[in-house]
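Working through the structure, step by step
Listed below, chain by chain, are the residues.
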Amino acid sequence: MNILTTEDARFIDREVPKQLGVSLEILMENAGRGIVDALWGQYDLFSLDNARSINSFVLFICGTGNNGADGLVAARHLMEQGVPVQIVLVGDTSKCSDLFALQLERCEAMGCIIDMYDEFNDWSNVAVAVEGIMGTGLTGKLRDLTVDVLHDIDTMRSQYNFDLWAIDVPAGLDATTGQIAEGTLAYDYTVTFGAIKQGLLLYPGKAVGGIAVVAPLGAPWQKVLGDRDITVTIDSNLAEKLINYRIPMAHKGVNGNALIIGGSNDMIGAPILAAEAAVHSGAGKVTLGVPEVIKPVVQGRIIPEVMVTSTEAHKAMLEGRQVVAMGPGLGRTSDIPDFVDSILDSYEGPLVLDADALYALGHVGSVDKDALRDGEIESIYAVERDLPYCVMTPHLGEFSRLIDLPIKWIERHYITLAREFAKKHQVVLVLKGIPSVVALPDGTVYVNTIGNAGMGSGGMGDVLTGVIAGFISQGYSLQDSAVLGVYVHSRSADILNDTKAWGYTPSDVSTSLGCVISELLGE
Ligand SMILES: NC(=O)C1=CN([C@@H]2O[C@H](COP(=O)(O)OP(=O)(O)OC[C@H]3O[C@@H](n4cnc5c(N)ncnc54)[C@H](O)[C@@H]3O)[C@@H](O)[C@H]2O)[C@@H](O)CC1
Ligand SMILES: [K+]
């Protein structure tokens, strides 16, 4: 499923009329109709009994831009259907958009009850409130007057207990970054148009949007996107397309030979988790390379399916592998950067870099904060160190070190930075956060839509690395392995979450991977 940013929505709004001959007014008509369908999907609008009165109605709270105009269209459709509606207007109607003026004129001609916000006081009869104060047209902080109106709505909702819906995005939510302005409310539902807005998938936006319903625009807007970078959700539909059946005669040689490199005196758990996850994701043969000194302990602890070797013999260790994943538990001692470099120099096959291997790389590029602030996408990121084509799986802290930028900035410009990094370095970046995203060298970004709070425990990332390596060894491309790996890892955790809340472990996630694979194959 596609994801749209504010810029994409504006582009569609400009290009669909030009290229496809479908006017903005028609798109708006469909959007308004979509709001009505979504409301019907949730309530029986013919018996809007809000338990307080039989005079209850659907209230549309409309700003004076096109977001408010969508609300006016929806109100008109509901009037036709005989559903009681009222409209309140927020803002200066003398400064409204052209389409708002047109839709308002229509509602007035039909005798719809319309008040200015200050005049409205019939809150006790509101059954459902639909907010169209603003959508993708938000600029800067919310004005004081808007904050007051939103605060009022919130107070009335607490008092009268009606559901609150947002049109397109909640007023105050940045539809691209998911950042929210002070005063933004939490909603029960958001009806968003064409495709889900990116800001509804990123925190804190994801927490305030409620249940998202996508309403079609009535024209194949995908056709006008051209070579714009696209953003897509990671969900079961995508994963089902990526997973392959195994041929019946598949043997261990066909399913690949994976090497995991990691471990140090203080950390033996991380590489064990990664190697075991590679086994559980279906790799034919898995070898774990650790420093000689910890080899006996690791051999004593790991499942028997994994062979353990010593990293001291590293030329021989790399031979015949379909994939090498390096980093879990490697440590941060002064010899590690040279060790990592020597592996990068001597191994030319598919590579996954994680954890301490990423730390060993240090800064690999830098961000121009001014360009980031101004949205000058092309000049945001400058490469300082070339990297081999590989999958990199940093969490926010590791990414912060790689690009030399505080986490606070990364959180605010999550997808833009992931995309620029992957494009400029030509690598597959799995940025592990909430949500995790996979950015590809061609500029496509996949955003994970599943997973749960139980995944926030040490070792979860090591399992993901092992899963991705496991898929690569079985012949999946680096990008498919990253996307599929993120899905399968989160889905396994979701299955466990059903019965164990957060009391499950990364090892449990690893051993349940097979259930997800069966689910994807429809077995
Ligand atoms: N992109 C598309 O293809 C379509 C967009 N449509 C709608 O059009 C919307 C965008 O419409 P517009 O571009 O007219 O903009 P909006 O209507 O989203 O926002 C503009 C309004 O918000 C106010 N505003 C902006 N920033 C503010 C702030 N910081 N504090 C207080 N008030 C503020 C402005 O004064 C103006 O009244 C979308 O969200 C969607 O609902 C739909 O009609 C369907 C088609
Ligand atoms: K809105």
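Residues numbered from 1 in each chain as written. Chains lettered and ligands numbered in written order. Predicted model: local features only at pLDDT ≥ 70, side-chain atom pairs only at ≥ 80, totals over all residues. Heavy atoms only, no water.

Scanning the chain from N- to C-terminus turns up 20 helices and 21 strands. Whereas a compact globule of 523 residues would reach a radius of gyration of roughly 24 Å, the chain reaches 26 Å, a difference of no more than 12%. With the C-alpha coordinates aligned to their principal axes, the bounding extent of the chain is approximately 85 × 45 × 40 Å. Expressed as a percentage of its 523 residues, the buried residues of the chain come to 57%. For the chain, restricting intrachain contacts to residue pairs at least 6 apart in sequence, the fraction spanning at least 24 positions comes to 72%. Here the chain contributes 36 positive and 65 negative side-chain charges, whose respective centroids are spaced 5 Å apart. (Helix = DSSP H or I, 4+ residues; strand = E, 2+ residues; numbered from the N terminus. Rg over C-alpha atoms; globule rule 2.2 N^0.38 Å. Buried < 20%, exposed > 50% of the residue type's maximum accessible area, 1.4 Å probe, protein only. Contact = heavy atoms within 4.5 Å. Lys, Arg positive; Asp, Glu negative; His and termini not counted. Charge placed at Lys NZ, Arg CZ, Asp CG, Glu CD.)

For strand β12 (residues 285-290), the tally of buried residues reaches five of six residues, placing the bulk of the element in the interior. Bridge count between strand β11 (residues 257-261) and β12: five bridges; the pairing is parallel. Along β12, the bridge assignment pairs Ile260 with Leu288. Taken together, β11, helix α8 (residues 269-280) and β12 form a β-α-β motif whose crossover is right-handed. Summarising the sheet, β12 and strand β13 (residues 306-310) pair through five bridges and their orientation is parallel. Looking at the pairing, Val286 lines up with Val306 of β13. Each parallel crossover has a hand, and the one from β12 via helix α9 (residues 295-301) to β13 is right-handed. (Pairing = 2+ DSSP bridges. Right-handed = clockwise from strand over helix to strand, strands pointing away.)

The environment of ligand 1 is formed by 25 residues, the closest being Asp70, Gly135, Thr139, Lys141 and Asp168. The separation between a nitrogen atom of ligand 1 and a polar main-chain atom of Ala9 is 3.0 Å. Between ligand 1 and the protein, one listed contact pairs an oxygen atom with a side-chain N or O atom of Asp168 at 2.6 Å. Considering ligand 1 on its own, with 870 Å² of exposed area, one finds that the protein chains cover 85% of that surface. Sorting the residues of the shell around ligand 1 by element identifies α1 (6-20), α2 (24-42) and α3 (66-81) as the ones contributing at least two each. Split into classes, the residues belonging to the shell around ligand 1 amount to ten nonpolar, ten polar and five charged. (Near = heavy atom within 4 Å. Polar contact = N/O pair within 3.5 Å; in protein donor to acceptor, adjacent residues only side chain to side chain. Areas by Shrake-Rupley, 256 points an atom, 1.4 Å probe, with all protein chains shown as cover. Nonpolar A, V, L, I, M, F, W, Y, C, P; charged D, E, K, R; others polar.)

Another point: the domain arrangement of the chain. When its domains are assigned, the chain resolves into domain 1 (2-226) and domain 2 (239-521). Taken together, the contacts link eight residues of domain 1 with eight residues of domain 2. Applying the counting rule to domain 1 against domain 2 returns zero salt bridges. Counting across the domain 1 and domain 2 interface gives zero residue pairs in polar contact (both at pLDDT 80 or more). Counted by class, the side of domain 1 that touches domain 2 contains four nonpolar, three polar and one charged residues. (Domains from an automatic or database assignment. Salt bridge = Lys/Arg side-chain N within 4 Å of Asp/Glu carboxyl O.)

The next thing to look at is helix α18 (residues 478-500). The first and last C-alpha atoms of α18 sit 32 Å apart over 23 residues, in line with the 33 Å expected at 1.5 Å per residue. Immediately beyond the C-terminal end of α18, within one or two residues, lies Ala501, with a positive phi of roughly 45 degrees. (Expected span 1.5 Å × (residues − 1).)

On to the packing of aromatic side chains. Applying the stated criterion to the full structure yields ten aromatic pairs. Between the aromatic rings of Trp40 and Phe46, the centroid separation amounts to 4.8 Å while the plane-to-plane angle is 70 degrees, which identifies the pairing as edge-to-face. The structure contains a cluster of three or more aromatic residues connected by ring pairs, namely Phe57, Tyr117, Phe120, Trp123 and Phe162. Positioned over the ring face of Phe11 is Arg228, at 4.4 Å from the centre of the ring. Geometry around Tyr359 places Arg401 over its ring, the cationic atom sitting 3.6 Å from the centre. (Phe/Tyr/Trp six-rings, centres within 6.5 Å; stacked < 30°, edge-to-face > 60°. Lys NZ or Arg CZ within 6 Å of the ring centre and 35° of its normal.)

Attention now moves to the coordination of the potassium ion (ligand 2). Note on the potassium ion (ligand 2): its protein donors are Asn67 (OD1), Glu131 (O), Glu131 (OE), Glu131 (OE), Met134 (O), Ile167 (O) and Val169 (O). The metal-donor distances range over 2.6 to 3.2 Å. Here the donor residues for the potassium ion (ligand 2) map to a single chain with the spacing N-x63-E-x2-M-x32-I-x1-V. You can call Ile167 buried: its relative accessible area is 1%. When its relative accessible area of 0% is taken as the criterion, Val169 is described as buried. (Donors = N, O, S within 2.8 Å, 3.2 Å for Na, K, Ca; no water.)

Looking now at the sheet that holds strand β5 (residues 126-132). With respect to topology, seven strands assemble into an open sheet ordered β4-β3-β2-β5-β6-β7-β9, the strand pairing being parallel. Looking along the sheet, the strands with just one partner apiece sit at the ends: β4 (113-116) and β9 (211-215). Ignoring strand direction, the axes of neighbouring strands in this sheet form an average angle of 20 degrees. In this structure, strand β6 (residues 163-167) lies alongside strand β7 (residues 189-193), joined through three bridges in parallel fashion. In the sheet register, Ala166 faces β7, and the bridge partner there is Thr190. (Axes fitted to C-alpha atoms, helices over the stretch in contact; angles between N-to-C directions.)

Here we take up the sheet that holds strand β10 (residues 231-234). An order of β8-β1-β10-β21-β20-β19-β18-β15-β14-β11-β12-β13 is seen for the twelve strands of this open sheet, with the pairing classed as mixed. Of all strands in the sheet, those bounded by a partner on one side alone are β8 (196-197) and β13. Examined bridge by bridge, strand β1 (residues 2-4) and β8 share two bridges and lie parallel to one another. Looking at β8, one finds that Ile3 is bridged to Ile196.

Attention now goes to the pattern of salt bridges. Applying the stated criterion to the full structure yields 18 salt bridges. Between Asp370 and Arg373 there is a salt bridge; the shortest N-O distance is 2.8 Å. Taken together, the positions of Asp370 and Arg373, both in helix α13 (residues 369-374) and three residues apart, correspond to about one turn of that helix. A relative accessible area of 47% places Asp370 in the partly exposed class. A relative accessible area of 54% places Arg373 in the exposed class. We note a salt bridge from Glu420 to Lys424, for which the minimum N-O separation is 3.5 Å.

The next thing to look at is α8. Taking 1.5 Å of rise per residue, the twelve residues of α8 would be expected to cover 16 Å, and the 16 Å separating its terminal C-alpha atoms lies within 8% of that figure. Counting buried residues along α8, ten of its twelve residues qualify, which places the element largely inside the surrounding structure. Gly282 sits one or two positions beyond α8 and adopts a positive phi of about 110 degrees.

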